[in-house]
Every structure is written in structure tokens, then in C-alpha cells.
Amino acid sequence: MTLHLKGEVVGLDQSAAMLEIARGRVLGATFVQGDAFDLPFPDGAFDRAFVGNLLGVLPPPARAALLEEARRVASKLVVFETSAALAEKAEHWQERTLSNGSYYEIYRRYFAAEDLAEELGGGRVLFDGEHFVVVVSQEADLGQF
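Residues numbered from 1 in each chain as written. Predicted model: local features only at pLDDT ≥ 70, side-chain atom pairs only at ≥ 80, totals over all residues. Heavy atoms only, no water.

> So what exactly am I meant to see when it comes to the nonpolar core here?
Generally speaking, soluble globular proteins have nonpolar side chains that are buried together. Among the nonpolar cores identified, the biggest contains 18 residues, and Val 51, Leu 55, Leu 66, Leu 77, Val 79, Leu 116 and Leu 120 are the most heavily contacted of them. Among the elements of the structure, β3 (48-52), α2 (60-73), β4 (76-82), α3 (113-119) and β8 (132-137) are those that each provide at least two residues to this core. Ignoring anything within four residues of it in the chain, the contact list for Leu 116 reads Leu 55, Val 79, Glu 81, Phe 111, Val 133 and Val 135. Core analysis: the second largest hydrophobic core is formed by six residues, Val 9, Ala 22, Ala 29 and Phe 31 among them. (Core = buried A, V, L, I, M, F, W, Y, C linked by side-chain atoms within 4.5 Å. Buried < 20%, exposed > 50% of the residue type's maximum accessible area, 1.4 Å probe, protein only. Helix = DSSP H or I, 4+ residues; strand = E, 2+ residues; numbered from the N terminus. Contact = heavy atoms within 4.5 Å.)

Structure, rendered in C-alpha cells:
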């Protein structure tokens, strides 16, 4: 999704390998390795924060913490998540198998657009599709998005 953002873009990931891939795909953007729960940016550093495909793998307390940290660096949020239309149950634990045969469980939440807007404390549904939903916080004007 970062490839489609307009304006000056700063991307963040905890994985150095993923950042290398992003640097090769999104020329002109700045990429920083860091923790989304402790962003390495000062308060109010950005006009908008884009959160993509992250809230859906976080249990509710962690989602709230992530949104609080995102709002610390940008009061306007744009959130992209996997649609509830893709799952029989909106919220559950999933077993994942690694290439070495081991497995682990992850929490998974699929969002209906209205539920995601409510989770943001109010917002406007920008897109409500079969595969994904996009919601902007109440404060956000889309500007260059």
C-alpha cells in the first residue's frame, strides 16, 4: 500500500528485510526500522498516519495502544484492514504453519467498516469492499490521499 501513498512518505517496519524490499519498490520514500508501539518520531511529526493490515492481528488492548501511539505522531489516521467478508468469524485465533513444519497461533480480527470506524472513536468509511476496508478518522481530511 505504501507505493500508492502521495506526498512525502515515511514507512516503518520492525523487519530490516521488509524495509529492504520496500526501499526497492517505493523510490523516494524514507524507511525507518522501529516498533509501532514506540514510534521513533516526535509528537505531531506527521499530518497523517496510515496504518495498514496491522490492527487485525492485535488483540483489543494492543489495538488501543497502537492507535494511541499513532495519534501521538499524527492526529489524522487512515486505516486499511482486511474485510470481515473474508471470514466466517470476525474474531478468532488461527493456527499458522511455518516452512520448517512448526506452528504457532495468531489472533485475527476481520473488520466490518462500521466496526473499524467505531474502533477509531468515529470516522468515515472511505471504502467498504469484499477484501478490505478503509476508514479515516473524524479529524482526517484526505488531502493527498
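> What is the right way to look at the packing of aromatic side chains in this model?
What characterises a pair of aromatic rings is the spacing of the ring centres plus the angle enclosed by the ring planes. Considering all chains together, one arrives at four aromatic pairs under this definition. Note on Trp 93 and Tyr 107: the rings are 5.7 Å apart at their centroids and 75° apart in plane angle, and the pair reads as edge-to-face. A residue pair is termed long-range when its members are at least 10 positions apart, and Trp 93 in strand β5 (residues 91-97) and Tyr 107 in strand β6 (residues 103-109) qualify at 14 residues. Ring pairs connect the aromatic residues Phe 80, Phe 127 and Phe 132, which therefore count as one cluster. Taking the ring centre of Tyr 110 as reference, the NZ or CZ of Arg 108 above it sits at 4.6 Å. (Phe/Tyr/Trp six-rings, centres within 6.5 Å; stacked < 30°, edge-to-face > 60°. Lys NZ or Arg CZ within 6 Å of the ring centre and 35° of its normal.)

> Could you clarify how one ought to interpret the sheet that holds β8 in this entry?
Across a sheet, paired strands are connected by hydrogen bonds in the backbone, their directions being either parallel or antiparallel. Pairing in this open sheet of four strands is mixed, and the strands run β3-β4-β8-β7 from one edge to the other. Each of the sheet's edge strands pairs with one partner strand only, and the pair in question is β3 and β7 (123-128). On average, each strand axis in the sheet is inclined to that of its neighbour by 15°, with strand direction left out of account. Sheet topology note: the β7/β8 ladder contains five bridges and is antiparallel. Within β8, the position partnered with Gly 123 by the bridge is Ser 137. (Pairing = 2+ DSSP bridges. Axes fitted to C-alpha atoms, helices over the stretch in contact; angles between N-to-C directions.)

> What should I look at first to understand a nonpolar patch on the surface in this one?
Residues Leu 126, Phe 127 and Phe 132 make up a contiguous nonpolar surface patch of about 250 Å² in total accessible area. Among the residues examined, Leu 126 registers a relative accessible area of 41% and is labelled partly exposed. (Patch = residues over 30% accessible without salt bridge, like charges linked within 9 Å, V, L, I, M, F, W, Y side chains within 5 Å. Areas by Shrake-Rupley, 256 points an atom, 1.4 Å probe, with all protein chains shown as cover. Salt bridge = Lys/Arg side-chain N within 4 Å of Asp/Glu carboxyl O.)

> Looking at this structure, I do not really get unusual backbone geometry. What am I missing?
The phi angle of most residues is negative, glycine excepted, and most peptide bonds adopt the trans form. Here Asn 53, not a glycine, exhibits a phi torsion of approximately 55°, which is positive. As for its placement among the helices and strands, Asn 53 is situated in the loop between β3 and α2.

> How should the side chain of Arg 63 be read in this particular structure?
If you trace the backbone, Arg 63 turns up in helix α2. Discounting chain neighbours no more than four positions away, the residues touching Arg 63 are Leu 55, Leu 58, Tyr 107, Arg 109, Phe 111 and Glu 119.

> Can you walk me through the environment of Ala 90 in this structure?
Topologically, Ala 90 is positioned in the loop between β4 and β5. Judged by relative accessible area, Ala 90 falls into the partly exposed class, the value being 35%. Here Ala 90 is in contact with Arg 108, Arg 109 and Tyr 110, once residues within four sequence places are set aside.

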